[in-house]
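In case you want the letters, here they are:
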Amino acid sequence: MIKYISTRLLVSDFPACFRFYRDVMGFTSNHGDENGEYASFDTGATDIALYRWQDMAREIGQAEVPSRAVTECKALLCFEVDDVDETYRQLRERGTEFAAGLTDHPDWGMRTAHFRDPDGNLIEIFHPLPTQPE
Amino acid sequence: MQFISVRLLVSDFPACFRFYRDVMGFKPTFGEENDVYAFFDTGATGIELFVRQLMAEAVGRADAPARANAQDGGMLSFKVDNVDETCQQLKGRGVAFVTEPTDRADWGVRAAHFRDPDGNLLEIYHSIQMTEDARTGGV
């Protein structure tokens, strides 16, 4: 049995990311604090964990590889909300800039918006669109 | 705010689809090998696959390079009963490991690391006794 426990974001600015997941996203930290090197947040499902990426790179023998490059994103974190327009407004009030604004995606069945955490990780919020008749 | 899924934006969709179904053993509840999107039920937060180029277009990053040689920006972590046993099983399914099962007393885990066909970093672990100074937050 392989049980999915957490998504660990390997971040360069740990304190900024810690504050973002606590204060902007509103999750409760169940391990670590702003000045640590590891933290995890209870989301009600799997945890979101933060870890300093140079430490992880060293652990897996990648310390010599460049830390960052400009590429398309390799992954995103996806959150369902009751009303994406309302959450979009709240996040903007907390200073969040959006990579893609409120958009209906009838082919995905979702209304979405996209933004990034302080380390550039892509985050999607959505609510389902009403089902279209065939 | 409900954490629904981690969406892996992949370049080789069919290989990743087979990997999460056949190697990791998760059940696809949406999509199949020749689609552009799939959802795997893990019992908690889902794991999704989506063709990377399509997501890049949706967020206006289509002109960024698809990949580069860089350190990992994220990792999915999975708990197992016995990391050595699961490691052997995964090797039997053709997985090459980045790190062999190793005690990390400062993390409180015995862990091993490997990659999916798109290069995403994955960890399997079981819990072990944490060192005293790690438990109390010391260095």
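Structure: see above.
The shown structure was predicted, so the numbers you read here are calculated from the model rather than taken from an experiment.

Chemist: Help me understand the nonpolar core, please; the structure alone is not making it clear to me.
Modeler: A general trend in soluble globular proteins is that nonpolar side chains are found buried together. Tyr21(A), Tyr20(B), Phe78(B) and Ile124(B) are the most contacted members of the largest nonpolar core, which totals 55 residues. With sequence-adjacent residues up to four places away left out, Ile124(B) is seen in contact with Phe78(B), Val80(B), Val83(B), Thr86(B), Cys87(B), Leu90(B), Phe97(B), Arg110(B), Ala111(B), Ala112(B) and Phe114(B). Counting 10 residues, the second largest nonpolar core, distinct from the first, contains Leu76(A), Phe39(B), Phe50(B) and Met55(B).

Chemist: For this particular structure, what's the right way to read helix α1 (residues 14-24) of chain A?
Modeler: Every α-helical turn comprises 3.6 residues, leaving residues that sit three or four positions apart pointing alike. Residues and elements named next belong to chain A. Within α1, the full set of buried residues consists of Phe14, Ala16, Cys17, Phe18, Phe20, Tyr21 and Val24. The backbone nitrogen of Ala16 lies 3.2 Å from a side-chain oxygen of the residue at the head of α1, namely Asp13. At the C-terminal side of α1, Gly26 shows a positive phi close to 85°.

Chemist: How do you make sense of the environment of Phe14(A) when you look at a structure like this?
Modeler: Residues and elements named next belong to chain A. Within the element layout of this structure, Phe14 appears in helix α1. Classification of Phe14 as buried rests on a relative accessible area of 2%. Distance from Phe14 to Tyr51, taken between C-alpha atoms, is 7.2 Å for residues 37 residues apart in sequence. With near-sequence residues (within four places) excluded, Phe14 lies in contact with Asp33, Glu34, Gly36, Glu37, Tyr38, Ala39, Leu50, Tyr51 and Arg52.

Chemist: Please clarify how the pattern of salt bridges should be interpreted in this entry.
Modeler: Working definition: two side chains of opposite charge can pair if their charged atoms are close together. Per the counting criterion, the structure on display carries 16 salt bridges over all chains. Residue Asp84(B) is joined to Arg110(B) by a salt bridge in which the shortest nitrogen-to-oxygen separation is 2.8 Å. You can see Asp84(B) sitting in helix α3 (residues 83-92) and its partner Arg110(B) sitting in strand β7 (residues 109-115), a full 26 residues away along the chain. Put simply, Arg19(A), Arg22(A), Asp23(A) and Glu34(A) are held in one network by salt bridges that share partners.

What counts as what
Residues numbered from 1 in each chain as written. Chains lettered and ligands numbered in written order. Predicted model: local features only at pLDDT ≥ 70, side-chain atom pairs only at ≥ 80, totals over all residues. Heavy atoms only, no water. Core = buried A, V, L, I, M, F, W, Y, C linked by side-chain atoms within 4.5 Å. Buried < 20%, exposed > 50% of the residue type's maximum accessible area, 1.4 Å probe, protein only. Contact = heavy atoms within 4.5 Å. Helix = DSSP H or I, 4+ residues; strand = E, 2+ residues; numbered from the N terminus. Polar contact = N/O pair within 3.5 Å; in protein donor to acceptor, adjacent residues only side chain to side chain. Salt bridge = Lys/Arg side-chain N within 4 Å of Asp/Glu carboxyl O.

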